Each structure stands twice: as C-alpha cells, then as structure tokens.
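Geometric and topological summary
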Amino acid sequence: MIILNNVVLRRGTKVLLDSASVTLNPGEKVGLVGRNGAGKSTLFALLNGTLHEDGGDFSIPKQWRMAQVAQHMPETEDSATDFVVAGDTRLAEAREALAKAEALHAANPDDADAGMALGQAYSDIADAGEHDAVPRAQALIMGLGFKLHELDRPVNSFSGGWRMRLQLARALMCPSDLLLLDEPTNHLDLDALVWLEAWLQKYDGTMLVISHDREFLDAVTNVTVHIEQAKLTRYGGNYSKFEDMRALRMEQQQIAHERQQEKIAHLQKFIDRFKAKASKAKQAQSRVKALARMERVAPLLAEAEFTFSFKEPANLPNPMLSITDASFGYLQEDGSATTILSGVSRGVLAGQRIGILGANGQGKSTFVKTVAHDLPLVSGTVTEGKGLAIGYFAQQELDVLHETSNPLEHMVRLARELGSAAPAARTEQDLRGFLGSFNFSGDMVKQPVGTMSGGEKARLVLAMMVWQRPNLLLLDEPTNHLDLATREALAMALNEFEGTLMLVSHDRALLRTVCDEFWLVGRGEVRDFDGDLDDYQRYLLDESKRLREEAKQANAAEVAAAAPAPAKAVAPMASAAVTTTTASPVAASAPAAPAVDGRTQRQNDARERQRLAEQSRPLRKELASLDQRMAQANAEKSALEARLASALPPAEIAEAGKRLKQLGDEIEAMEERWLELSEALEALA
Ligand SMILES: Nc1ncnc2c1ncn2[C@@H]1O[C@H](COP(=O)(O)OP(=O)(O)OP(=O)(O)O)[C@@H](O)[C@H]1O
Ligand SMILES: [Mg+2]
C-alpha cells in the first residue's frame, strides 16, 4: 500500500502539496491528473525516492520493485534490443551475480561453497527469464512501432522521439510491483498507443500514470487521483468517471457556497442597515459575531482560464512558399544525403490551414524542419514570399530552450536576436507583462527552465513563438505536455490566426478544429489527402499493417501468396428512423403600447404616486410594529439568557431553553421581514 498522510512537498518557493493525503492499494491502476505545473511529476519523484517529503508521512512497501521511464535521451551505441533487455533489472542482477560466481569458482575450482554459489546463480538466472529475454524485449520494441530490421540498430541512430520509445520499452521490460509512467503517450502514434493500452491492461502490478490524454486514461486506469490547490483527491473510477464525479462535487460545493453567500449577504445587509440606527447597534453586534463565526465554504476558484492570441501578422505574402521538385531528408556526415521525400512540388498560400498527416517515421518532421530552415534542403528549390516570418514549434521543444536560463532571459535573448525586426515590446517590463499573459507570474519569470514542468516549458516555447509575430506557423506536435485547458487555448488562438498554418499533430480534436485541408506524407512523397480524419485513421491502420507485412516479407525469404480478402457481407440497412415534428405554438406578440400625450402622462404620474403612497403605508406601519416586537423579543431573550446563566432548577432549564430557541427563530424571522419591508419601501421610493 502507498500511503501519504498530511504530506507537505515543496519545490523552490512553491508548495506543491500541503497536508495532502491519499492511499493507493496494491494492484490499482491510478491516473494522476492535474494542470500543468500542479506537481504530478514531482509526486513521482517522491514515490521513487529522488525527493523527500517536507512534512507529514509517506510510506511505500520497501520490497517493491519499481519500474519507470527514464526521462533523459539515451546516448549509447548499444543495439535497440540490448538496450531494452538491460531494462530487466532482475535479470541484470542475476547476470552480475553469475559473473561473480563464475569468477569465484574459476579462482577456487575445488571450493564446495563456490560450487554451490555457482549452481545457485545458474538457477537464479533461469528464474529471471534469461532464455527468453531477447524475444521478450523484441516483442516490446516491435509493439511500440519499430521495424524488424531496426532491432539491431544502435540506439544513437534513432531520432529523439524513437529513442524515448526505447526508454519506454526498457521500463516495460522490467518486472515490477509498481510502474510509474509520466506522459508515456507523448511520443507515440495511434498504432503504438493502442498497443500500449493493451499491454498495460494486462499488467498486474500497481500502476500510476500521468497523462493529459483522456481516452488513454479511460482505457488503462480504474482510480483517478487529482492534484489541485496542493491537495490530492482520490476518485474511484477512470478519467471520464472522475470528470462526472468532480462536476457533481463542484456543483454541490457551488450550491453550498452560494447558499452560504446568500446568508452572509443577508447578515451583512442587516448589519449595515442596523449599524446606521444607533438603537439597533447591539443587535447588529451579535450579527457581526455570527458573520465572523460562519465558516465560509472555500469558494471554487473558478480555475482562471488561460487564453492567448496571435498578433495580426504585419504582412501576408502570397504565395508564402513555392516548393519546386524538392527532396527532403538528412545529410550524412560524409556529405551524402538520405532522401526521405522526393519530387515534392507544391505551393503554400496565404491563409491556408494545412494539417500534415502521415504515420510515424514517414518524414513529417523532416519536411517541416526543412521548411523551417532547421535542415538543409536535399535538392530542388523552396522560394519564400517577401516578408515571410516563420514561427516554428519543434517537436523536441526543449531543444530551443536553455536549461539554466529563465523565461525572462529567453525573451531578452530573443529580442536581441531579432534586433530591428523585433516587435515594439523591448523593455524588461514589457517582456514581463508579455510573459504574464502566458501565465508566467512574477516568480516564474526568474525560474530556470531546467526546473520547470513539461507543460510550462511547452508554454514558454509557445510564448516565444507568438512574440515573434509570425505569418507562417509550423507546428510539430505542439500539444505534447499541454494540459487540456492550454490545448483549448491553443486551438482558439490558432482558429483566430490570420496567417498560414501547417500543423503536425496526433491530437485529432485539434486537427479537426483548426485545419481545412490535409496533406499526407508517406511512401516517399507529399500529396493531398482526400478525406476526413476518420478516413485517415483507417489509412493509418492499413498503412501500419502494410509496413509490417513488408518487413515480414523482406525478412522471411519466402513470399506468402496473398490470400484474397473475403467478401464482406453487407449489413442490411437500418430501418429509417421515423421523425415526428410537433408544431410549436406561435408566441403571441405583445401589442405595441399606444402613444400617450403630456397631460395624460402627468395624470398617470400623479395616480402612480398616489398608488405608491397607498402601497407603502401598510408597509411602514408593519415596519414600526415590527421594530417594537423585535425590541420586546430581544429584551425577553436577554432576560432569559441572564436567567439561564444563573442557577436554575432543572425543570425550568429545559423550558427556558425551548423558549430561547423559539425567540431566536422569531427574531430571525422578524429580521428577515424587516429587511424585506425596508427593501420594498426603498423600491417604492
Ligand atoms: N527545482 C525547482 N525549483 C523551483 N520550482 C520547481 C522546481 N522543480 C519543479 N518546480 C515547479 O514545481 C511545479 C510542479 O512541477 P511538476 O513538474 O511536478 O509539474 P507537473 O504537474 O508534472 O506538470 P506538467 O503537466 O506540465 O508536466 C512547477 O510549477 C515547476 O515549475
Ligand atoms: Mg510533468
């Protein structure tokens, strides 16, 4: 069992957990959710022992073996397979023990103990699954989307996203009681995502996963822990259930809060009015105390929603780009080029909103990177319109950030680099203000980027991009790391953007909302994609099947004769739904008021005043009588209180108590009425 009891956790000046408690049971699959910067990754650091609690109690079973995805980019010449096999820490330990036992035995061949130890080591390594370690690792690697011929390729030869996938495979390779996954889906495509879901559903240890992807969380978790305002709240259910329950909870809290606010407002009004009247000052006093006593339900800080917008581009060249017979790819060290896409000829016009689709590894990033000048063009030409200003959001957004610099320094550097091309905001104050509009508050503008959360870094890169006032946006997976609120803010900003957009994303909701047309990168070329995102999903699945098939065929020498696909039975058409329309009654429009002349108007006014005076008379009368009755009741109440304070025969105590309660109720009712009457009178006046 994992138990946090009143845990306090601090990072820098921030209190991330303040007296937070939660219990997680063995075997539970827990989704850890919360906004960017809420402290999710930091909580993992507590669980894996890199951080310690600053207060309260935290406990986790000592004997538990923990597996987690290393967050750094692996740098090694080891093959993908070896790298992943090494993730099996139990096997690694057994291998080490065996090597030691062998050495010991070799040095003392006649020693019986050494012989015994060697025997034990052999048996341990068998238990640790030495015999099938390689196929186990390779199944993981392939499951995450690698191709057969890549199994033996050195880790270093893969791109960043793929190396992070290997880190994930390595974590899954490790037999564990507790699995910690921090945003495991960020580097995956749809295919690998589905595979990972299936794998995790079979995992039988305790799992904690951080993710901003609702569908993924729903598929793999049955408990949700929410970090909010430095507290942990546990919900029994997956993410959708959590949202429902939370909505309900917020509603209830909101209702309780509103009721209390009403009551507070009522008391306050009473106090204000009565304070004005010297004679009622005492009554007001007791209400002041009541108000102070009243415990206020924490108002739901309606989570300050974050929005931003792109500035209107200074100009819109048209066309933005013309690409003629171009090839895209990588230049090798020896100067030779590896071409991934070729024969690309297309134009990009002002105001186009292009979603760039394609399976992973097909060259989407290469294409975008080249357009952004991050990679040289292999051949052909790309002509840019006059005044083109590119805003590029790289998939590895960390690459453009300096770990030791803070957001303000980043902005200053950017302003300096842009020189005269920079927008008007130049002073530190301007830059701070600008960062503030991206939710980087006073403290955070000075926080080194290296200590910021993933979502915060991504937000900074967005801010830097917006500041440059681009007219062509090249966004490569911009939503990785972003929480749902920030994703929505981005979608809104992109929708209002007047320039041209080229977007690579696996976030289907975003593609749907902001793109009008799609380009497909695959099979070595870039072409238009005729269809919508559902068609695309089908295409992806077909494509990955095709690629796997290709790999299989390339590997197995014999080519299996392709079996003809069985003809699908066509389901009978569903009977047409019957729709009934009910004629809605036509609302009768109110007749127009007849015109009124001046004299009639005056007469009307006089009558109205008369009517008001008549109406207010009984009110004033009642108010006067109420004043009197309230004074009496209050006097009786004080007397009763005094009697109760002195020694009273038990029989009378009960009676007096009852009367006191009755008086209290009466007084309250009278006060209520008093307020109503004064208000009504005010309204009449
Ligand atoms: N060493 C540090 N010094 C100061 N602040 C820090 C430090 N480490 C983390 N923080 C801050 O603590 C907060 C929590 O960070 P954490 O990485 O746990 O967030 P998170 O919930 O994982 O967010 P995300 O969804 O963006 O990944 C962030 O605001 C971060 O800037
Ligand atoms: Mg995080």
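For the structure itself, look to the data block above.
Here is a short report on the structure shown in this document. Remember, it's a predicted structure, so these values are computed and weren't measured experimentally.

Conventions we followed
- Residues numbered from 1 in each chain as written.
- Chains lettered and ligands numbered in written order.
- Predicted model: local features only at pLDDT ≥ 70, side-chain atom pairs only at ≥ 80, totals over all residues.
- Heavy atoms only, no water.
- Pairing = 2+ DSSP bridges.
- Helix = DSSP H or I, 4+ residues; strand = E, 2+ residues; numbered from the N terminus.
- Axes fitted to C-alpha atoms, helices over the stretch in contact; angles between N-to-C directions.
- Contact = heavy atoms within 4.5 Å.
- Parallel < 35°, antiparallel > 145°, perpendicular 65-115°, else oblique.
- Left-handed = near helix turned anticlockwise from the far one by under 90°.
- Nonpolar A, V, L, I, M, F, W, Y, C, P; charged D, E, K, R; others polar.
- Near = heavy atom within 4 Å.
- Polar contact = N/O pair within 3.5 Å; in protein donor to acceptor, adjacent residues only side chain to side chain.
- Patch = residues over 30% accessible without salt bridge, like charges linked within 9 Å, V, L, I, M, F, W, Y side chains within 5 Å.
- Areas by Shrake-Rupley, 256 points an atom, 1.4 Å probe, with all protein chains shown as cover.
- Salt bridge = Lys/Arg side-chain N within 4 Å of Asp/Glu carboxyl O.
- Lys, Arg positive; Asp, Glu negative; His and termini not counted.
- Charge placed at Lys NZ, Arg CZ, Asp CG, Glu CD.
- 1 Å grid on protein atoms, 1.4 Å probe; cavity = no way out; pocket = protein on both sides within 12 Å on 5 of 7 lines; lining within 4 Å.
- Points joined across faces, edges and corners; volume = space filled by probe spheres on them.
- Phe/Tyr/Trp six-rings, centres within 6.5 Å; stacked < 30°, edge-to-face > 60°.
- Buried < 20%, exposed > 50% of the residue type's maximum accessible area, 1.4 Å probe, protein only.
- Lys NZ or Arg CZ within 6 Å of the ring centre and 35° of its normal.

A few words on the sheet that holds strand β15 (residues 472-476). Pairing within the open sheet is mixed, and its six strands lie in the order β14-β15-β16-β12-β17-β18. For this open sheet the edge positions go to β14 (390-393) and β18 (525-528), each flanked by a neighbour on one side alone. Strand-to-strand twist across the sheet, computed as the mean angle between neighbouring axes with direction ignored, equals 15°. Note: strand β17 (residues 517-522) against β18, four bridges, orientation antiparallel. Counterpart to V521 in the pairing with β18 is V526. Sitting on the sheet, helix α14 (residues 454-467) is in contact with β14 and β15, with an inclination near 175° to β14.

Another point: the packing of helix α5 (residues 133-143) against helix α6 (residues 160-173). Interaxial distance between α5 and α6 falls to 9 Å at its minimum, and their mutual angle equals 135°. One element, α5, and the other, α6, form an angle in the oblique class. Remark: the crossing between α5 and α6 carries right-handed chirality. Two secondary-structure elements touch here, α5 through A133, R136, A137, L140 and I141 and α6 through L166, A169, L172 and M173.

Interaxial distance between α6 and helix α7 (residues 190-202) falls to 13 Å at its minimum, and their mutual angle equals 15°. It follows that α6 is roughly parallel to α7 by the angle criterion. Where α6 crosses over α7, the handedness of that crossing is left-handed. Here α6 contributes R165, L168 and L172 to the contact with α7, which in turn contributes A192, W195, L196, W199 and L200. Split into classes, the residues belonging to the contact of α6 with α7 amount to seven nonpolar, no polar and one charged.

Inspection of the region around ligand 1 gives 22 residues, with K40, T42, S453, G455 and E456 positioned closest. In this structure, an oxygen atom belonging to ligand 1 sits 2.8 Å away from a main-chain N or O atom of G37. Residue E183 places a side-chain N or O atom 3.5 Å away from an oxygen atom belonging to ligand 1. Listed by contribution, the elements that provide at least two residues to the shell around ligand 1 are β2 (14-24), α1 (40-47) and α14. Classifying every residue of the shell around ligand 1 by side-chain character gives four nonpolar, twelve polar and six charged.

Summarising the element assignment, L321 is placed in strand β10 (residues 321-331). Between the C-alpha atom of L321 and that of E384, which follows or precedes it by 63 residues, the distance is 4.7 Å.

Moving on, we come to a negative patch on the surface. Together, E77, D78, D82 and D152 line one region of the surface with negative charge. With respect to the secondary-structure elements, D78 resides in the loop between β5 (66-68) and α2 (80-85).

Evaluated as defined, the whole model comprises two cavities of 30 Å³ or more. By volume, the second largest cavity amounts to about 60 Å³. What lines the second largest cavity is I2, L4, V22, L24, V30, L32, L43, L47, L208, V225 and L232. Of all elements in the fold, only β1 (2-11), β2, β3 (29-33) and α1 reach the threshold of two or more residues within the lining of the second largest cavity. For the lining of the second largest cavity, the class distribution of residues is eleven nonpolar, no polar and no charged.

Moving on to the packing of aromatic side chains. This model, assessed by the stated rule, comprises 14 aromatic pairs. On the numbers, 6.1 Å between centres and 20° between planes, the contact of W199 with Y203 is stacked. Since its relative accessible area comes to 23%, W199 is described here as partly exposed. Given the relative accessible area of 10%, Y203 is considered buried. Members of the aromatic cluster, connected to one another through ring pairs, are F308, F310, F434, F438 and F497. Lying across the ring of W519, R346 places its NZ or CZ 4.3 Å from the centre. The ring of F440 carries R459 above its face, with NZ or CZ at 4.8 Å from the centroid.

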